[in-house]
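Notes for the structure review
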Amino acid sequence: MTCRALLRAAWQPRPADAPPLPPRAKFRAWRQACRPPFFITAAIPVLLALAFAFQTQGAVSPRQWGIWGLLLLGCFMGLTIANFANDLFDHILGVDGGDNIGGSRVIQSGLISPRQLSVALLLLTPATLAVGGLLICGAPAPLRPGLWAASLFAVASAVFYVAPPIRYGHRALGELFVCCNMGFIIVGASSVLLLGRFDPRSLALALPVGLMVAGVLYYQSLPEIDTDAAAGKRTLANCLGKPRAAFLFTLWWPTVWVLLGNLWAVGLAGWPVALALLTLPLYLRARAHIAAAGQGDWLPLDNHGALVRLCYLGSGLALIIGVAAA
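Below is a summary of the structure that appears in this document. Counting of residues starts from 1 at the beginning of each chain's written sequence and follows it residue by residue. Whole-chain, interface and lining totals are the exception, using all residues; otherwise, since this is a predicted model, local features are given only for residues with pLDDT of at least 70 and side-chain atom pairs are given and counted only at 80 or more. Side-chain metrics in this entry use all non-hydrogen atoms of the structure; hydrogen atoms and water are not considered.

A separate point is the packing of aromatic side chains. Any pair of Phe, Tyr and Trp rings, taking the six-membered ring for Trp, is counted once the centres come within 6.5 Å. Such a pair is stacked with planes under 30 degrees apart, edge-to-face with planes over 60 apart, and tilted for the rest. For the coordinates displayed, the defined rule picks out 10 aromatic pairs. Ring plane angle 65 degrees and centroid distance 5.6 Å describe the contact between W30 and F84, whose orientation is recorded as edge-to-face. Of this pair, W30 sits in helix α2 (residues 23–34) while F84 sits in helix α4 (residues 62–92), and the two are 54 residues apart along the sequence. Judged by its relative accessible area of 27%, W30 is partly exposed. A run of H or I in DSSP counts as a helix once it spans at least four residues, and a run of E counts as a strand once it spans at least two, with each numbered from the N terminus. Working definition: with a 1.4 Å probe on protein chains only, accessible area under 20% of the residue-type maximum means buried, over 50% means exposed, and in between means partly exposed.

This is the structure in C-alpha cells:
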C-alpha cells in the first residue's frame, strides 16, 4: 500500500448511513477502543517499580508518589496508543476484516471512524511524550539521554506494532518487543525515575514481568492463529503451528514461576512470591481449553482469555508483595 493510499484510508469518516451516536454510546465506544481489561499489563510493572523503591529505601516519599502517579498515567496513555494504532492499521490492512476477531471492532461496527482514531493518535502521542518529558526533566541530567531514548523507543513501538512500514507485530516479533517494553523499559525506567539512579537489580525483576505480559499477548494470538495466517499476518503462534504453539504455552507460565522462585532464592523478593502458584488452576484450565481444541477451531479460545489475564494479575501481585516484603 502506498503512503498516499494509507493516509487516505486513515482519514475515512464513519459510513454516511451510520446513525449519530448519543454521548453515552460515544463514551462506551471509546472505552471499548481503550480496552480497559488490558490496563493491568501496564499497572503491574509500574507498581513493581514502586515496590522496588520501597524495598531499597524502606519508605516512599510524597514526591515519589507523585512520580508514580505520572508514570502510571503515561503508561496507560502509551498502551492506549498501541490499542488505537492496532485497531486503525489492522483495519486498513484488512487483518481485522471478515471472521477475524482481533482488535476492539469499533471501526468494523461503525462506532468510531478511522479518521477519529487518527486524530486521537495525533493528539495522544505528543501528550504521552509530554508526560514522559515532564518526568525526565526531574531526573538527574546524566540519566536523561537514556530515559529519552527509552521513552521514544516505547512510543514508537506502540505505533509501529502494526503500522507500516515496520509492522513488527506482523513479523512474529510482538512478544519480544512487548517483553522489552512492558518489562525492561517500564520497570527499569520507572525505577530510575523513582530512585534517581539506575539499579541493575531492577532488570532482574523486569524479566518475569515482561514474560508475563508477553504471555498475555501470546495467548490472545492463539484464537486468531488461522485467521491471522489467512490475512498474511505472521505471529509467533501461527509460525509455530498449533502443536508447537500449544507446547510453548505449556512451558510459558512454569518458566515465569521458576524465575519468581529464583528472585526469592537470591533475596530480591520475599516468600509472598510463592503465592503466584495460587494461579496454577487458572493456567491449567487455559491449557486444558487449548488441548481440547486440538487441531480444530481455535476461535473459541478467545472466550477464555480472562484466565490468562487473571494468571498475570495474580502472579504480578505476588511479585509486587514479595518485593515490598523482602
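Read on for the rest.
Remark: helix α5 (residues 114–137) packs on helix α6 (residues 144–160), axes separated minimally by 10 Å, with the N-to-C direction vectors making an angle of 160 degrees. One way to sum up the angle between α5 and α6 is to call them roughly antiparallel. Taken as a pair, α5 and α6 cross one another with a handedness that is right-handed. Between α5 and α6, the contacting residues are T125, T128, L129, G133, I136 and C137 on the first element and R144, L147, W148, S151, L152 and V155 on the second. In this classification, Asp, Glu, Lys and Arg are treated as charged, Ala, Val, Leu, Ile, Met, Phe, Trp, Tyr, Cys and Pro as nonpolar, and every other residue, Gly included, as polar. Grouping the constituent residues of the contact of α5 with α6 by class yields 7 nonpolar, 4 polar and 1 charged. In this description, a line fitted to the C-alpha atoms serves as the axis of each element, helices being fitted only across the stretch in contact, and the angle between N-to-C directions of two axes falls anywhere from 0 to 180 degrees. Roughly parallel means an angle under 35 degrees; roughly antiparallel means over 145; roughly perpendicular covers 65 to 115; every other angle is labelled oblique. What makes a crossing left-handed is the near helix being turned counterclockwise from the far one by less than a right angle; a clockwise turn instead makes it right-handed. Contacts: residue pairs with any heavy atoms within 4.5 Å of one another.

Quick look at the packing of helix α12 (residues 280–293) against helix α13 (residues 305–325) now. One can describe the packing of α12 onto α13 by two numbers: an axis separation of 9 Å at closest approach and a directional angle of 150 degrees. Between α12 and α13, the crossing angle belongs to the class labelled roughly antiparallel. Crossing hand, α12 versus α13: left-handed. Contacts between α12 and α13 pair L282, Y283, R285, A286 and H289 from the former with L307, V308, L310 and C311 from the latter. Here the residues of the contact of α12 with α13 sort into 7 nonpolar, 1 polar and 1 charged.

Let us now look at the side chain of N83. Tracing the sequence through the fold places N83 in helix α4. A relative accessible area of 9% means that N83 is categorised as buried. If sequence neighbours within four positions are ignored, N83 has contacts with A33, C34 and R35.

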